[in-house]
Amino acid sequence: MAYSKENCISLLVEKKEQLKQEGSDRYPRRSDFDAYEVMAIKAHLGPWPRALEKAGLKERTEKK
């Protein structure tokens, strides 16, 4: 399956919801996805912290 930017955002948001339902308050990790999904997410959304930000899961952190 070829992933679009929207599919990648959905993967992250759905995983966050799943973790929340399981009682976990953590962000989705690369290890929560298979290698192909991780490659697609990073290709469309950038490095993992930026991907979480673009999916609306994490506030953007400013560099000092």
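Because the structure is predicted, anything quoted here is derived from the model rather than measured.

Draft legend 1. Inspection of helix α1 (residues 5-21) at higher detail. For α1, built from 17 residues, the straight-helix expectation of 24 Å at 1.5 Å per residue is met to within 8% by its first-to-last C-alpha distance of 25 Å. Of the positions making up α1, those classed as buried are Cys8, Leu11, Leu12, Lys15, Lys16 and Leu19. With its buried residues spanning 125° around the axis, α1 presents them on a single face. Looking at α1, the residues exposed on the side facing more than 90 degrees away from the buried face are Glu6, Glu14, Lys20 and Gln21. The inward-facing, buried residues of α1 abut α2 (35-45) and α3 (48-54).

Draft legend 2. Region of the structure containing α2. Along α2, the residues that are buried comprise Glu37, Val38, Ala40, Ile41 and Leu45. Around the axis of α2, the buried residues are gathered within 165° of arc, so they sit on the same side. Those residues of α2 that are exposed and aimed more than 90 degrees away from the buried face are Ala35, Met39 and Ala43. Among the structural elements, α1 and α3 are those in contact with the buried residues of α2.

Basis of the calculations
- Residues numbered from 1 in each chain as written.
- Predicted model: local features only at pLDDT ≥ 70, side-chain atom pairs only at ≥ 80, totals over all residues.
- Heavy atoms only, no water.
- Helix = DSSP H or I, 4+ residues; strand = E, 2+ residues; numbered from the N terminus.
- Expected span 1.5 Å × (residues − 1).
- Buried < 20%, exposed > 50% of the residue type's maximum accessible area, 1.4 Å probe, protein only.
- Arc of directions from axis to C-beta.
- Contact = heavy atoms within 4.5 Å.

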